[in-house]
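Per-entry structural report
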Amino acid sequence: MARFPRSAIPRLLYTFFSSKTRRFYPSPTAALLLGNFEVRQFSAGNVARAKDAKEPWWKESMERLRNIGISAHIDSGKTTLTERILYYTGRIHEIHEVRGKDGVGAKMDSMDLEREKGITIQSAATYCTWKDYQINIIDTPGHVDFTIEVERALRVLDGAILVLCSVGGVQSQSITVDRQMRRYEVPRLAFINKLDRMGADPWKVLNQARSKLRHHSAAVQVPIGLEENFQGLIDLVQLKAYYFHGSSGEKVVAEEIPADMDVIVAEKRRELIEMVSEVDDKLAEAFLNDDPISSVDLEGVQPLLDGVLSYLPCPIEVSNYALDQTKNEEKVMLPGTPDGPLVALAFKLEEGRFGQLTYLRVYEGVIRKGDFIVNINTGKKIKVPRLVRMHSDEMEDIQEAHAGQIVAVFGVDCASGDTFTNGSVKYTMTSMSVPEPVMSLAVQPVSKDSGGQFSKALNRFQREDPTFRVGLDAESGQTIISGMGELHLDIYVERIRREYKVDAIVGKPRVNFRETITQHAEFDYLHKKQSGGQGQYGRVCGYVEPLPPGSPIKFEFENMIVGQAVPSNFIPAIEKGFKEAANSGSLIGHPVENIRIVLTDGASHAVDSSELAFKLAAIYAFRQCYSAARPVILEPIMLVELKVPTEFQGTVAGDINKRKGVIVGNDQDGDDSIITANVPLKNMFGYSTMLRSMTQGKGEFTMEYKEHSPVSQDVQMQLVSTHKAGKAE
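Attention here is on the structure that accompanies the text. Keep in mind that this is a model prediction, so the values were computed, not measured.

1. Some words on the overall build of the protein chain
Within the protein chain, the regular secondary structure consists of 18 helices and 39 strands. Burial analysis of the protein chain (729 residues in total) assigns 56% to the buried set. In the protein chain, the proportion of contacts linking residues at least 24 apart, taken out of those at least 6 apart, comes to 72%. Carbon together with sulfur atoms contributes 48% to the accessible area of the protein chain, which is approximately 31200 Å² in total.

Below, the structure written as structure tokens:
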């Protein structure tokens, strides 16, 4: 198959698919839209090194390997797409419905909850073979509450497929996923789905991709009919019409283009050539000279999987960097070949049938069953007892895996994000972005006898999901779980019931407020206590001030004492005291962030000073100056996108205003209004029920965390009063 030169590889491709099984066009015949012709900076140095070598043993294996993920807005059909890819590549022999109406469910949705709700909760891994290429696939969640699963998948992938619905178009989570792909510089194909659904409009989706995602896109194939009239596709590259027959569309018939479509085909082919010519000098010259453009010049973008092979990079064509812990975290580019020392990242944890299952992306070197590997984050040396390749919840034992591959190991104690090497280098991979949880629930087991299983469940979920946190309410002694939204926490409570047989009492949702200061304030505190024997003595002087807006850190401590007014061995205790004090602000007891504490002076006693004395001095100093720094309460603000019939627009917008939301966008999409607003999370509890009521069940919405922002003065007074009343009880 002919390929574009690597310098012209697009960042985005588009695919048309039908949604019904009987007309679901298999990937070997999938139509594509070619778009976003930005140049992806692949690692030319790595490619050159591979070619200069005398055909190393791993060269062909690496070139025939692709690591891709599939991401999308909820209910866009990405799990269904994966199911069809597996079917047409021979990995599975039957196609099942995502929502499990046939009692089986999609292969990649292995959890009962996933099959019941028809959504993907955990990313699942599988692999298939296409034209002698091995393709590792990770099917990722689309709901915003499970964003971290998308993040973890993209972190270790070399390419991705963005699925877009031809009816829903570019929706809020499509934008979020695309932003995540940009963050990790993941080159991607995009796939337009459900062309046989009522209201399908791929041209609308193409225009939205240009406006909302800022993609430079053009169609590569044109559908023959839409909705119930959807019959097939016209390939603008080969200038052929393709029709698909058989119970699953497996029989492909090529025919001449229908005469009544000659005009649109000529128009769309010219648009495609114009787009491609912007990144291909040879094609640009032919285009400007009005020379004929043959199919060979454009070949390679026809089916989805062929597009994966042609346009998404193999592992040695991607630059990956590690941090050298022996050189103050200096950035080091990994050659990415099996010849180097082992470097592998644990990017996902699961509790499997045989204990903890750890998913690894191998960036360099080879990992073998029985090898000893070193966890750089903990310093522990561990033996690899079992190495497997995953196919959803099934596994295949293997003896070894090399750079570029995604595998799983059993019996390896680690956390998500840990890096493993063979011990010859001390590298860690860059950390993933983990958002702070915005909502909490109080939970406790109904039966005291269930306490052991309850704790086991919470410990497991924390290891699997960095956004799921567990804490203890200091006043009530209740267990508090925190996460990214109502659905996120509801799923975990349900999993405790189902997987650990523990019924739990769940309290009302709580918003994770924060506190901060707004001005400079000084402190001078002497902690002095004498009660027989050795006393306590410690004095700390300095000031607190807010960190600059947008600061990447939440807490900063700086020691500016000149001389030995406070012995240096007590400074860590002082910092620890301030950190502990900042965990609970005096307004409503929530953590204080965006604060800088500077220590300028102090005093010590030859006998009575101790680490405890200075730690307590710091805690009391913080409380002494906190009110003078004019503290404010911060609340999580959510970015909410609503899609409602235009007739209900006024009612819904008025309700958003009542919830103290700020409408920042209002667009029209056919008969629907798309409203974008920033709304305090505390005012969004139970909103889905209210929206259904206001729109006769026709409205839908998504929301994601945007930022923590100061509350109004009246809300602050109310929150403080409620907090004080609760403490008095």
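Right, picking up where we left off after that structure.
2. Details of the sheet that holds strand β12 (residues 251–255)
Strand order in this open sheet of four strands is β9-β10-β11-β12, and the pairing throughout is antiparallel. The two strands at the open ends of the sheet, each matched to only one other strand, are β9 (221–224) and β12. When strand polarity is set aside, the average angle formed by the axes of neighbouring strands in this sheet is 30°. As paired strands, strand β10 (residues 232–235) and strand β11 (residues 240–245) are joined by four bridges and run antiparallel to one another. Across the sheet, the residue bridging to Leu 233 is Tyr 242, located in β11.

3. With respect to the pairing of strand β37 (residues 662–669)
Bridge count for β37 against strand β38 (residues 672–680) is seven bridges, and the pairing is antiparallel. When the sheet's bridge partners are listed, Val 662 is paired in β38 with Asn 678.

4. Quick look at the environment of Val 170
Examined against the element boundaries, Val 170 turns out to sit in the loop between β6 (159–165) and α6 (172–183). Look at Val 170 and you get buried, because its relative accessible area is 1%. In the structure, Val 170 is positioned 41 residues away from Ser 211 in sequence and 9.8 Å away in space, judged by C-alpha atoms. Those residues in contact with Val 170, other than ones at most four positions away along the chain, are Leu 164, Ile 175, Val 205, Gln 208, Ala 209, Lys 212 and Leu 213.

5. Description of the packing of aromatic side chains
In this description, an aromatic ring pair is defined by two values, namely the gap between the centres and the angle between the planes. According to the stated counting rule, one finds eleven aromatic pairs in the structure shown. Relative to Tyr 492, the ring of Phe 468 lies with its centre 4.4 Å away and its plane at 35°, an arrangement referred to as tilted. Of the two residues, Phe 468 is situated in the loop between α12 (451–464) and β27 (469–472) and Tyr 492 in helix α13 (residues 486–500); the sequence distance between them amounts to 24 residues. Of the two residues examined, Phe 468 and Tyr 492, each falls in the buried class. When the centroid spacing of 5.7 Å and the interplanar angle of 40° are considered together, the rings of Tyr 525 and Tyr 620 count as tilted. Residue Tyr 525 is found in strand β32 (residues 521–529), and its partner Tyr 620 is found in helix α15 (residues 611–626); the two are separated by 95 residues along the sequence. Taken together, the aromatic side chains of Phe 461, Phe 468, Tyr 492 and Tyr 500 make up a single cluster linked through ring pairs. Above the face of the Tyr 127 ring, Arg 389 is positioned so that its terminal group lies 3.9 Å from the ring centre.

6. Remarks on unusual backbone geometry
Phi is mostly negative for residues that are not glycine, and the peptide bonds are mostly trans. With a phi angle near 70°, Asp 132 is a residue other than glycine that sits in the positive phi range. Positionally, Asp 132 belongs in the loop between β4 (124–130) and β5 (133–139).

7. Notes on empty space enclosed by the protein
Which parts of space are left empty comes out when a probe the size of a water molecule is rolled across the atoms. One pass over the structure, following the stated rule, counts three cavities of 30 Å³ or more. Taken as a whole, the largest cavity spans an internal volume of roughly 90 Å³. Ala 125, Thr 126, Asn 136, Met 390 and Ile 406 are, among the 13 residues lining the largest cavity, the residues nearest its centre. Among the elements of the structure, β4, β5, β20 (386–391) and β23 (406–410) are those that each provide at least two residues to the lining of the largest cavity. Partitioned by chemical class, the residues of the lining of the largest cavity number ten nonpolar, two polar and one charged. Mapping the lining of the largest cavity onto the domain boundaries places at least three of its residues in each of domain 1 (56–211 + 307–318) and domain 3 (320–429).

How each quantity is defined
- Residues numbered from 1 in each chain as written.
- Predicted model: local features only at pLDDT ≥ 70, side-chain atom pairs only at ≥ 80, totals over all residues.
- Heavy atoms only, no water.
- Helix = DSSP H or I, 4+ residues; strand = E, 2+ residues; numbered from the N terminus.
- Buried < 20%, exposed > 50% of the residue type's maximum accessible area, 1.4 Å probe, protein only.
- Contact = heavy atoms within 4.5 Å.
- Areas by Shrake-Rupley, 256 points an atom, 1.4 Å probe, with all protein chains shown as cover.
- Pairing = 2+ DSSP bridges.
- Axes fitted to C-alpha atoms, helices over the stretch in contact; angles between N-to-C directions.
- Phe/Tyr/Trp six-rings, centres within 6.5 Å; stacked < 30°, edge-to-face > 60°.
- Lys NZ or Arg CZ within 6 Å of the ring centre and 35° of its normal.
- 1 Å grid on protein atoms, 1.4 Å probe; cavity = no way out; pocket = protein on both sides within 12 Å on 5 of 7 lines; lining within 4 Å.
- Points joined across faces, edges and corners; volume = space filled by probe spheres on them.
- Nonpolar A, V, L, I, M, F, W, Y, C, P; charged D, E, K, R; others polar.
- Domains from an automatic or database assignment.

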